[in-house]
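Observations on the model geometry
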Amino acid sequence: QVQLVESGGGLVQPGGSLRLSCAASGSTFNINVMGWYRQAPGKQRELVATITSGGGLRYADSVKGRFTISRDNAKNTVDLQMNSLNPEDTAVYYCYALKRIGSFWGQGTQVTVSS
């Protein structure tokens, strides 16, 4: 099993920035993919960004150029730097990890973009 704990959410004004962090513990060897998904009220959970153990990146079109994902394989952490936030980015953000045996999710952290 892999436990994921997110931090860094909060309230920010439009145009502002936030940095989310996620720390993995437990059976952390051979985690292939780590990343972030989000779920806004009344909407399905959607991919935000993922990064493989080899550094391969994937971003949702809606966040390209604004969000940057990074990963520290030695520390088993994944961060999401979010810039130029807008109200459409308001959601609960979930950390995600994928191993051969299955996928794992954090509890989520709320990000609210509002003036």
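Our subject is the structure that appears above.
What comes next concerns the included structure.

So, how was this worked out
Residues numbered from 1 in each chain as written. Predicted model: local features only at pLDDT ≥ 70, side-chain atom pairs only at ≥ 80, totals over all residues. Heavy atoms only, no water. Pairing = 2+ DSSP bridges. Helix = DSSP H or I, 4+ residues; strand = E, 2+ residues; numbered from the N terminus. Axes fitted to C-alpha atoms, helices over the stretch in contact; angles between N-to-C directions. Disulfide = S-S within 2.5 Å. Buried < 20%, exposed > 50% of the residue type's maximum accessible area, 1.4 Å probe, protein only. Salt bridge = Lys/Arg side-chain N within 4 Å of Asp/Glu carboxyl O. Phe/Tyr/Trp six-rings, centres within 6.5 Å; stacked < 30°, edge-to-face > 60°. Lys, Arg positive; Asp, Glu negative; His and termini not counted. Polar contact = N/O pair within 3.5 Å; in protein donor to acceptor, adjacent residues only side chain to side chain. Contact = heavy atoms within 4.5 Å.

The sheet built from four strands is open, its strands ordered β1-β3-β8-β7 with antiparallel pairing. In this open sheet, the two strands that pair with only one neighbour each are β1 (2–7) and β7 (67–72). Averaged over all neighbouring strand pairs, the angle between strand axes comes to 15°, with direction disregarded. As defined by bridge partners, strand β3 (residues 18–26) adjoins strand β8 (residues 77–82) across six bridges and the pair is classed as antiparallel. Looking across to β8, one finds that Arg19 is bridged to Gln81.

The next point concerns the state of the cysteines. If you walk through the whole model with that rule in mind, you get one disulfide. One disulfide bridge connects Cys22 with Cys95, the sulfur atoms lying 2.0 Å from each other. Judged by the sign of its S-S torsion, about -85°, the bond between Cys22 and Cys95 is left-handed. With Cys22 in strand β3 and Cys95 in strand β9 (residues 91–99), this residue pair connects regions lying 73 residues apart in the sequence. Note on accessibility: Cys22 and Cys95 belong to one class, buried.

Now for the pattern of salt bridges. Here the idea is simple: oppositely charged side chains can pair when their charged atoms come close. With the rule as written, the count across this model stands at five salt bridges. Of the charged contacts, one joins Arg38 and Glu46 as a salt bridge, the two residues approaching to 2.8 Å between their closest N and O atoms. Note on Arg38: relative accessible area 6%, which makes it buried. Its salt-bridge partner being Asp89, residue Arg66 comes within 2.8 Å of it at the nearest N-O pair. Of this pair, Arg66 sits in the loop between β6 (57–59) and β7 while Asp89 sits in the loop between β8 and β9, and the two are 23 residues apart along the sequence.

Turning our eyes to something else, we now look at the packing of aromatic side chains. For the coordinates displayed, the defined rule picks out three aromatic pairs. With 5.1 Å between their ring centres and 75° between their planes, Tyr37 and Trp105 make a pair best called edge-to-face. Here the residue Tyr37 occupies a position in strand β4 (residues 33–39), and Trp105 occupies one in strand β10 (residues 102–105), the gap between them amounting to 68 residues. Where Tyr96 meets Trp105, the ring centres are 4.9 Å apart and the plane angle is 50°; that geometry is what we call tilted. On the basis of relative accessible area, Trp105 is assigned to the partly exposed category, the value being 34%.

This next bit is on the side chain of Lys99. Mapped onto the fold, Lys99 is located in strand β9. Within the buried core, Lys99 has no salt-bridge partner, and the shortest N-O distance to an opposite charge, that of Asp72, equals 16 Å. Side-chain polar atoms of Lys99 contact the backbone oxygen of Ser27, separated by 2.9 Å. Setting aside its immediate chain neighbours within four residues, Lys99 contacts Val2, Ser27, Phe29, Asn30, Ile31 and Phe104.

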